[in-house]
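Okay, here's what each chain looks like letter by letter:
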Amino acid sequence: MSRKAYGIDFGTSMIKIYRKGQGILLDEKNVIAIADRKRVIAVGNEAYEMFEKAPENIYVSYPIKSGVVADIDNMQTLLDTFIGQLNAKQLFGGRDFYVAVPSDITEVQKRAFYDLIANSNAKAKHIWIVEKPIADAMGAGLDVTTAQGVMVVDIGAETTEISILSLGGIVLSKLIPVGGNKLDETIKLTVKKKYGLVIGDKTAEGIKKQLASALPIQTEAMKVYGRDVVSGLPAEMEVDSDMVYDSIIEHLTSVIDAMKVILERTPPEISADIIDAGIYITGGSSQILHLDGLISQETDLKVNLVADPENSVVNGIGKIMEEPSLSELAFSLRQANYTA
């Protein structure tokens, strides 16, 4: 294993780059802003500031959708721009790269992540693939190399990946199209319907972060700003946590239903391990208040909230790079017999 290596987590919402021996070098929004469809205006956090505010000639987008590469050209441009910024310190060139990919996607979709690095300005020496559930578990401090079964649920921006792991591999995995963005969209629609107020994605996300709860335990409120549906003028309204709960509970229930399906298919011996250790919840949207309580209530299992859930994947890649004994958790496309 190379002494100089980098790990990349291409998330729907965020892109993170880890350098072996140093930790996370880059943690930015996975967003690109392009003028007239050809000239890069901004990337990352700077581009995110333009989201929902840009004029018609500036196109602001997320190149990763539902956990896979949806816009290969813009994702390539975004990656090369970040590499160019970091390369001011001459970090790259002839290095090994590790990239995390969802498990429950097609071979072609996995190949797209490999091609992003292979065709980038990083000039990678070797490219290794790490299944995201494996990286997630390692980043959560779990040992997936033993026969002890582990259940990890990663609730991300647009998807939730539910996985059963054992002996360094994935026993079961399911990727469903429910994540934080789906909750934001539902909150937007509910605010428009109930209050007659049109709000943006960022405002909806702010409401979710401040008021969302998976259990209707207490009521809080906050002021939000948007456009009045009737008058078309700027307006201010107060929304409460009860409204947010009513908006998101259906989607949270669908995540739990998918978890139950996986649990029903889990081998009995691994089920015993899960009863002992519980379910591990990670990903940015796992931070919704009382989500662990709801899942525990619906599954009768202990639920563990992972520390630093937004960085569990990239930290897991880092651990695999740092520890030679974990090298078998990464593989090349040739080993997996993928074809271009």
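What you see is a predicted model; the values in this text were computed from it and never measured.

Asker: Even after reading the chapter, I still don't get the overall build of the chain, so can you show me in this structure?
Answerer: When helices and strands are counted, the chain shows 10 helices and 18 strands. Scaling as 2.2 N^0.38, a compact globule of 340 residues should have a C-alpha radius of gyration of about 20 Å, and the chain matches this with 21 Å. Structurally, the chain occupies a C-alpha span of about 60 × 55 × 35 Å along its principal axes. Expressed as a percentage of the 340 residues in the chain, the buried residues total 54%.

Asker: Sorry, what's going on with the packing of aromatic side chains here?
Answerer: Geometry of an aromatic ring pair is reported as the spacing of the ring centres plus the angle between the planes. Tallied over the entire structure, the rule returns four aromatic pairs. A centroid spacing of 5.5 Å and a plane angle of 25 degrees characterise the contact between Y6 and F97, whose relative ring orientation is stacked. Linking Y6 in strand β1 (residues 5–10) with F97 in strand β9 (residues 96–101), this pair joins segments that are 91 residues apart in sequence. By relative accessible area, which is 1% here, F97 ends up buried. Ring geometry for F51 and Y62: centres 5.7 Å apart, planes at 85 degrees, overall edge-to-face. Of the two residues, F51 sits in the loop between α1 (44–50) and β6 (58–61) while Y62 sits in the loop between β6 and β7 (64–65), which places them 11 residues apart along the sequence. Neither residue differs from the other here; F51 and Y62 are each classed as buried. The ring centre of Y48 lies 4.4 Å from the NZ or CZ of K29, which sits over that ring. Across the ring face of Y48, the terminal group of K202 is positioned such that the distance to the ring centre comes to 4.6 Å.

Asker: It is not clear to me how the sheet that holds strand β2 (residues 14–19) should be interpreted in this structure. Could you clarify?
Answerer: Pairing between the strands of a sheet comes from backbone hydrogen bonds, and it takes one of two forms, parallel or antiparallel. Within the open sheet, the five strands sit side by side as β3-β2-β1-β9-β10. Their pairing is mixed. Every other strand in the sheet has two partners, leaving β3 (23–29) and β10 (126–131) as the edge strands with one partner each. On average, each strand axis in the sheet is inclined to that of its neighbour by 20 degrees, with strand direction left out of account. The pairing of β9 with β10 spans six bridges and is parallel. Considered in β10, the bridge of D96 is made with H126. In this fold helix α2 (residues 72–86) packs onto β1, β2 and β3, with an angle of close to 40 degrees to the strand it touches most, β2. This element, helix α10 (residues 312–322), spans β1, β2, β3, β9 and β10 of the sheet and lies at about 155 degrees to β1.

Asker: Is there a simple way to think about unusual backbone geometry in this case?
Answerer: With the exception of glycine, most residues fall at negative phi, and the peptide bonds are largely trans. The phi dihedral of E52 is positive, around 70 degrees, even though this residue is not glycine. Positionally, E52 belongs in the loop between α1 and β6. On the basis of relative accessible area, E52 is assigned to the partly exposed category, the value being 42%. Although it is not a glycine, K123 sits at a positive phi angle of roughly 55 degrees.

Asker: Would you mind going over α2 with me for this structure?
Answerer: An α-helical segment advances 3.6 residues per turn. Residues three or four places apart therefore align on the same side. Counted at 1.5 Å a residue, the expected span for α2 with its 15 residues is 21 Å, and the 21 Å between its end C-alpha atoms agrees. For α2, the set of buried residues is N74, M75, Q76, L78, L79, D80, F82, I83 and L86.

Asker: Please explain the pairing of β3 as it appears in this structure.
Answerer: Working note: regular strand, side chains alternate between the two faces of the sheet. Here β2 runs beside β3; their pairing, made up of six bridges, is antiparallel. Paired with M14 across the strands is K29, a residue of β3.

Asker: Where do I start with the confidence of the model for the chain in this structure?
Answerer: Close reading of the predicted structure is inappropriate where its pLDDT is low. Summary statistics for the chain give a mean pLDDT of 92 and a share of 95% for residues scoring 70 or more. Here residues 335–340 is a poorly scored stretch, pLDDT under 50, and it has 10 contacts once near neighbours within four places are set aside; other chains count.

Asker: Whenever I open this one, the sheet that holds strand β14 (residues 197–198) confuses me. Can you help?
Answerer: Ordered in space as β14-β15-β16, the three strands form an open sheet in which the pairing is antiparallel. This sheet does not close on itself; its edge strands, each paired only once, are β14 and β16 (234–240). Note that strand β15 (residues 221–228) and β16 share seven bridges and pair antiparallel. The partner of Y225 across the bridge, within β16, is E236.

About the thresholds
- Residues numbered from 1 in each chain as written.
- Predicted model: local features only at pLDDT ≥ 70, side-chain atom pairs only at ≥ 80, totals over all residues.
- Heavy atoms only, no water.
- Helix = DSSP H or I, 4+ residues; strand = E, 2+ residues; numbered from the N terminus.
- Rg over C-alpha atoms; globule rule 2.2 N^0.38 Å.
- Buried < 20%, exposed > 50% of the residue type's maximum accessible area, 1.4 Å probe, protein only.
- Phe/Tyr/Trp six-rings, centres within 6.5 Å; stacked < 30°, edge-to-face > 60°.
- Lys NZ or Arg CZ within 6 Å of the ring centre and 35° of its normal.
- Pairing = 2+ DSSP bridges.
- Axes fitted to C-alpha atoms, helices over the stretch in contact; angles between N-to-C directions.
- Contact = heavy atoms within 4.5 Å.
- Expected span 1.5 Å × (residues − 1).
- pLDDT = per-residue confidence, 0-100.

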